[in-house]
Amino acid sequence: MTIFEAKKFIAKKIEKISQTPFLDAEIFLQEILGKDKTFILMNKNLALEEAQEKKITEWTRAREQGLAVAYIVGKKEFFGYDFFVNQNVLLPKPDTEILVARAVEIISEKISANKNSILTVCDMCTGSGCVALSVLRTLADDERVPIERLPTFALADISRGALDVAKKNAETLLRGAEISRVKFIQSNLFEVVPFSFDVILANPPYVPHEEARALLADGRGEPLLALDGDISSNGDFSGTNDGLEVARRLVLEAKNHLSPNGIFLMETGEYNADAAADFLRLHNFRNVEILCDLEGQKRVVVAAF
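Residues numbered from 1 in each chain as written. Predicted model: local features only at pLDDT ≥ 70, side-chain atom pairs only at ≥ 80, totals over all residues. Heavy atoms only, no water.

Draft legend 1. Representation of the overall build of the protein chain within the structure. Of regular secondary structure, the protein chain possesses 11 helices and nine strands. Against the compact-globule benchmark of 19 Å for 305 residues, the protein chain has a radius of gyration of 21 Å, which places it among compact chains. In terms of overall dimensions, the protein chain has C-alpha extents of about 65 × 50 × 35 Å along its principal axes. Buried positions account for 52% of the 305 residues belonging to the protein chain. Look at the contacts in the protein chain between residues 6 or more apart in sequence, and 65% of them connect residues 24 or more apart. Accessible area for the protein chain stands at about 14,400 Å²; split by element, carbon and sulfur atoms hold 50% of it. Charge-centre separation for the protein chain: the mean point of 36 positive side chains lies 2 Å from the mean point of 45 negative side chains. (Helix = DSSP H or I, 4+ residues; strand = E, 2+ residues; numbered from the N terminus. Rg over C-alpha atoms; globule rule 2.2 N^0.38 Å. Buried < 20%, exposed > 50% of the residue type's maximum accessible area, 1.4 Å probe, protein only. Contact = heavy atoms within 4.5 Å. Areas by Shrake-Rupley, 256 points an atom, 1.4 Å probe, with all protein chains shown as cover. Lys, Arg positive; Asp, Glu negative; His and termini not counted. Charge placed at Lys NZ, Arg CZ, Asp CG, Glu CD.)

What follows is the structure, encoded as C-alpha cells:
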C-alpha cells in the first residue's frame, strides 16, 4: 500500500462518520510516518511498511466507530502548543483560546502593577491543563516577565485521570524552574482547595444535561463528566437543564477564594453566557463582561470581586 492508496483507503472507510475524511487521513499518515504534510503530498507513491499499514488499519477502525482523531493520535494542538490527550479529558477547543488570551492580558497587567508580590492563579476544572499551561508558557516566553515574577498556578480537577494528563503536559511544556510554579489538586471544585487567588480561570462543564448525552452519541469518546453542566455536588443530576448548575456552585465558591480585587474568568456556552453573567452580577461581582469567540459566539465571562 502506498501513501496515496492509504489516504484513499482511510477516507473511504470514515466518510460516513467524519466531516473531514481526507484531513483525518492526512493527520493519521503524518503521525504514523512522522512526516509533515508536504512530505505526504510529495511522496504519494512511497510504499508503507507492514507495521505502518497495521496501524493505519487499527486507527481507521477506531475512527469508523466515532472516536475523535485527537484521541487516536494522542495529541491536540491548542494555542500553538501540542497537548497530550486521552479519554480522561475533554479535547481542547479553539473557542477556549479567547479565555487564555484574555487571562494572559489580565495577569500581565497585574504583574506590572504588583512589583513586590507573586501572583497566584487557579485553573479550576483544568482537564488537560491546556488553559493554565498555555497561560504560563506564554508568560514565561515574554521577555518582559522575569522568571522570578511568574505566578504560581494551582491546577484543580475532580478527576484523578485528568490530573495525570495535566501533569504529563506540564512536564512536556514547562522548562526548568517553571515546573516549580505549578501544583496539582484533586478536588470537587474548591472543596479541598484552601488557598485564595489573584486570578481564577475555569472551563467547567456547561452543556445542558440532555444535550451533553446527545453530543456523545456519535462515539467521539469525550468524558460526560467534563461536559454535563447540570450535575450537583454529589454527582447526581441536579434537575436543571440549563448547563449552569456546576457554574453556579463554582461562582459561589470562587467568591471565598478570590483575593481583594481578584479576577474571575469562566468559559460558558453561547446559549447560557448571559445567564452566567447575570448570576455573577447578582452575587456582587463587578465589571462583568462577556467575550465572544472567533465565530462571534458569546463564550467567556470575566468579572472582578
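Still to come is the rest of the account.
Draft legend 2. Structural detail: the nonpolar core. If you look at the biggest cluster of nonpolar residues, it comprises 37 residues, and the most contacted ones within it are Ile107, Val135, Phe153, Leu201 and Leu265. If you list the elements that add at least two residues to this core, you get strand E2 (81-84), helix H6 (97-113), helix H7 (130-140), strand E4 (152-157), helix H8 (160-173), strand E6 (197-202), strand E7 (258-267) and strand E9 (298-304). Excluding anything up to four places from it in sequence, Ile107 contacts Leu119, Val121, Val135, Leu139, Pro151 and Val199. Judged by nonpolar contacts, the second largest core, of 29 residues, contains Ala156, Leu189, Val193 and Phe285. (Core = buried A, V, L, I, M, F, W, Y, C linked by side-chain atoms within 4.5 Å.)

Draft legend 3. Broad picture of empty space enclosed by the protein. One pass over the structure, following the stated rule, counts one cavity of 30 Å³ or more. In this structure, the largest cavity spans a volume of roughly 30 Å³. Broken down by class, the residue content of the lining of the largest cavity amounts to seven nonpolar, no polar and one charged. (1 Å grid on protein atoms, 1.4 Å probe; cavity = no way out; pocket = protein on both sides within 12 Å on 5 of 7 lines; lining within 4 Å. Points joined across faces, edges and corners; volume = space filled by probe spheres on them. Nonpolar A, V, L, I, M, F, W, Y, C, P; charged D, E, K, R; others polar.)

Draft legend 4. Expanded view of the side chain of Asn272. Mapped onto the elements of the fold, Asn272 is located in the loop between E7 and helix H11 (273-282). Engagement of the side chain of Asn272 in a polar contact is seen with the backbone oxygen of Asp242, the distance being 3.0 Å. Dropping the residues within four chain positions of it, Asn272 is found in contact with Tyr206, Asp242, Gly243 and Leu244. (Polar contact = N/O pair within 3.5 Å; in protein donor to acceptor, adjacent residues only side chain to side chain.)

Draft legend 5. Here's a closer look at the side chain of Glu267. Examined against the element boundaries, Glu267 turns out to sit in strand E7. Buried Glu267, no salt bridge; nearest opposite-charge side chain is Arg299, N-O distance 4.3 Å. Within the local environment of Glu267, its side chain forms a polar contact with the side chain of Tyr206, the two groups lying 2.7 Å apart. Once residues lying within four places of it in the same chain are set aside, the contact partners of Glu267 are Thr96, Leu99, Ala202, Asn203, Pro204, Tyr206, Arg299 and Val300. (Salt bridge = Lys/Arg side-chain N within 4 Å of Asp/Glu carboxyl O.)

Draft legend 6. The pattern of salt bridges, seen in detail. Under the definition given, this model contains 22 salt bridges. Where Lys93 meets Glu222, a salt bridge forms, and the shortest distance between an N and an O atom there is 2.7 Å. Pair noted here: Lys93 is in the loop between E2 and H6 and Glu222 is in the loop between helix H9 (209-215) and helix H10 (245-255), with a separation of 129 residues, a long-range link. Residue classification places Lys93 among the partly exposed residues on the basis of a relative accessible area of 31%. One salt bridge connects Arg102 with Glu105, and the closest N-O pair in it is separated by 2.9 Å. Of the two residues, Arg102 and Glu105 both sit in helix H6, three residues apart, roughly one turn of that helix. A relative accessible area of 22% places Arg102 in the partly exposed class.

Draft legend 7. How the structure looks around the sheet that holds E9. With respect to topology, seven strands assemble into an open sheet ordered E5-E4-E3-E6-E7-E9-E8, the strand pairing being mixed. Two strands lie at the open edges of the sheet, namely strand E5 (182-186) and strand E8 (286-292), each paired on one side alone. Recorded for the sheet is a direction-independent mean angle of 15 degrees between the axes of neighbouring strands. Alignment of strand E3 (residues 120-124) against E4, held across five bridges, turns out to be parallel. Bridge pairing links Asp123 to Leu155 in E4. Its contacts with the sheet put H10 on E3, E6 and E7, and the angle it makes with E7 is roughly 165 degrees. (Pairing = 2+ DSSP bridges. Axes fitted to C-alpha atoms, helices over the stretch in contact; angles between N-to-C directions.)

Draft legend 8. Fine view of the pairing of E3. Buried residues dominate E3, accounting for four of its five residues. Assessed by its sense of winding, the connection that carries the chain from E3 through H7 to E4 is right-handed. Here E3 pairs with E6 via four bridges, running parallel. Looking at the pairing, Cys122 lines up with Ile200 of E6. (Right-handed = clockwise from strand over helix to strand, strands pointing away.)

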